[in-house]
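Descriptive structure summary
One letter stands for each residue in the lines below.
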Amino acid sequence: MDRFKSEAFDLILSLSRMIVDLGGNASEILSDNARMLQDLYSTIRYDKFVLKLSSYWRKLARQVANDHALEVSPVIRSAIVHIKEHHQEKMQLKEIAQHCYLSTHYFAHLFKKETGLSFVDFLNKVRIEKAAYFLEKTELSVQEIAAHVGIQDANYFARKFKRVMGCSPTDYRIAAQC
């Protein structure tokens, strides 16, 4: 059983490393791994261990599938990684275009063509997804979460959140706690 657990832990770490290499959020993945490994370590029954492990592997696989669903060029992948790593900062199209060594107009056109979203819509989507994570996992106020994800106006944040997620941040938090 100890050998099985050891191999299972190694597999979780390998899959996680692959997701990070593909542009996944390293801090989020590492914190999820820590919680999962702690939970698995304390699981005694083999059948429960396998169920928990299978569930977590499916979650990691979905994350890989989602990351690969968006097949983009290396330059746009670099922009996406940069956006995901710096979403909480003030970010302008011109700065990202310069980061990718492209003109602003050409970058905007290429980004929209390859991702299906404008730069601003993509940035807002990343911010809202991170906000959803904070709403699920923390007790921070909606205003604090808005600031953490890079949106200073809580009303603007609530409107964007509702447009992307289909409900208000407060309703989302209530539903996530059920």
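Just above sits the structure.
Here goes a summary of the coordinates provided. (Residues numbered from 1 in each chain as written. Predicted model: local features only at pLDDT ≥ 70, side-chain atom pairs only at ≥ 80, totals over all residues. Heavy atoms only, no water.)

All right, on to helix α4 (residues 74–86) then. Note that an α-helix has 3.6 residues per turn; residues three or four places apart therefore point the same way. Taking 1.5 Å as the rise per residue, α4 with 13 residues should run 18 Å; its terminal C-alpha atoms sit 18 Å apart, in good agreement. Buried within α4 are the following residues: Ile 76, Ala 79, Ile 80, His 82 and Ile 83. Along the long axis of α4, the arc covered by the buried residues comes to 165 degrees, so they all point the same way. Summarising the geometry of α4, the exposed residues directed more than 90 degrees from the buried face are Pro 74 and Glu 85. (Helix = DSSP H or I, 4+ residues; strand = E, 2+ residues; numbered from the N terminus. Expected span 1.5 Å × (residues − 1). Buried < 20%, exposed > 50% of the residue type's maximum accessible area, 1.4 Å probe, protein only. Arc of directions from axis to C-beta.)

Interaxial distance between α4 and helix α7 (residues 119–137) falls to 10 Å at its minimum, and their mutual angle equals 45 degrees. As summarised for this structure, α4 and α7 are arranged oblique, according to the angle between their axes. When you trace α4 past α7, the crossing you get is right-handed. Judged by residue contacts, Ile 80, Ile 83 and Lys 84 of α4 engage Phe 119, Phe 122, Leu 123 and Val 126 from α7. Here the residues of the contact of α4 with α7 sort into six nonpolar, no polar and one charged. (Axes fitted to C-alpha atoms, helices over the stretch in contact; angles between N-to-C directions. Parallel < 35°, antiparallel > 145°, perpendicular 65-115°, else oblique. Left-handed = near helix turned anticlockwise from the far one by under 90°. Contact = heavy atoms within 4.5 Å. Nonpolar A, V, L, I, M, F, W, Y, C, P; charged D, E, K, R; others polar.)

Right, let's get into the packing of aromatic side chains. This structure, assessed with the given rule, holds seven aromatic pairs. Here the aromatic rings of Phe 107 and Phe 111 are separated by 5.5 Å at their centres, their planes lie at 40 degrees, and the arrangement is tilted. With Phe 107 and Phe 111 both in helix α6 (residues 104–115) and four residues apart, this pair spans about one turn of that helix. Both residues of the pair, Phe 107 and Phe 111, belong to the buried class. One aromatic cluster in this structure is built from Phe 107, Phe 111, Phe 119 and Phe 122. (Phe/Tyr/Trp six-rings, centres within 6.5 Å; stacked < 30°, edge-to-face > 60°.)

Bringing the side chain of Arg 173 into the picture now. For Arg 173, the position within the fold is in helix α10 (residues 169–177). Among the polar contacts made by the side chain of Arg 173, one reaches the main-chain carbonyl oxygen of Leu 140 at a distance of 2.8 Å. Residues within four places of Arg 173 in sequence aside, it is in contact with Phe 134, Leu 135, Thr 138, Glu 139, Leu 140 and Ile 145. (Polar contact = N/O pair within 3.5 Å; in protein donor to acceptor, adjacent residues only side chain to side chain.)

Turning next to the pattern of salt bridges. For the structure shown, the criterion picks out four salt bridges. Here Arg 35 makes a salt bridge to Asp 32, at a shortest N to O gap of 2.4 Å. Here Arg 35 and its partner Asp 32 are both found in helix α2 (residues 26–41), three residues apart, which amounts to about one turn of the helix. (Salt bridge = Lys/Arg side-chain N within 4 Å of Asp/Glu carboxyl O.)

On to α6, then. For α6, spanning 12 residues, the distance from its first C-alpha to its last is 16 Å, which sits close to the expected 16 Å at 1.5 Å a residue. Turning to α6, its buried residues number three or more, namely Phe 107, Leu 110, Phe 111 and Thr 115. Viewed end-on, α6 has its buried residues packed into an arc of 105 degrees, placing them on one side of the element. Exposed side chains of α6 directed beyond 90 degrees from the buried face belong to His 105 and Lys 113. Along its buried surface, α6 packs onto α4, α5 (93–99) and α7.

A word on unusual backbone geometry. Unusually for a residue other than glycine, Tyr 101 sits at a positive phi of about 60 degrees. Secondary-structure assignment places Tyr 101 in the loop between α5 and α6.

Moving on: the nonpolar core. Grouped together as the largest cluster of nonpolar side chains are 16 residues, with contacts concentrated most on Ile 76, Ile 83, Ile 96, Phe 107, Phe 111 and Phe 119. Looking at this core, the elements that each hand over two or more residues are α4, α5, α6 and α7. Once residues lying within four places of it in the same chain are set aside, the contact partners of Phe 111 are Ile 76, Ala 79, Ile 80, Ile 83, Gly 116, Leu 117, Ser 118, Phe 119 and Phe 122. (Core = buried A, V, L, I, M, F, W, Y, C linked by side-chain atoms within 4.5 Å.)

Mapped onto the fold, Ala 8 is located in helix α1 (residues 2–21). Taking the relative accessible area as the measure of exposure, Ala 8 reaches 4% and is therefore buried. Along the sequence, Ala 8 and Leu 37 sit 29 residues apart, while their C-alpha atoms lie 9.6 Å from each other. In contact with Ala 8, other than residues within four places in its own chain, are Phe 49, Leu 53 and Trp 57.

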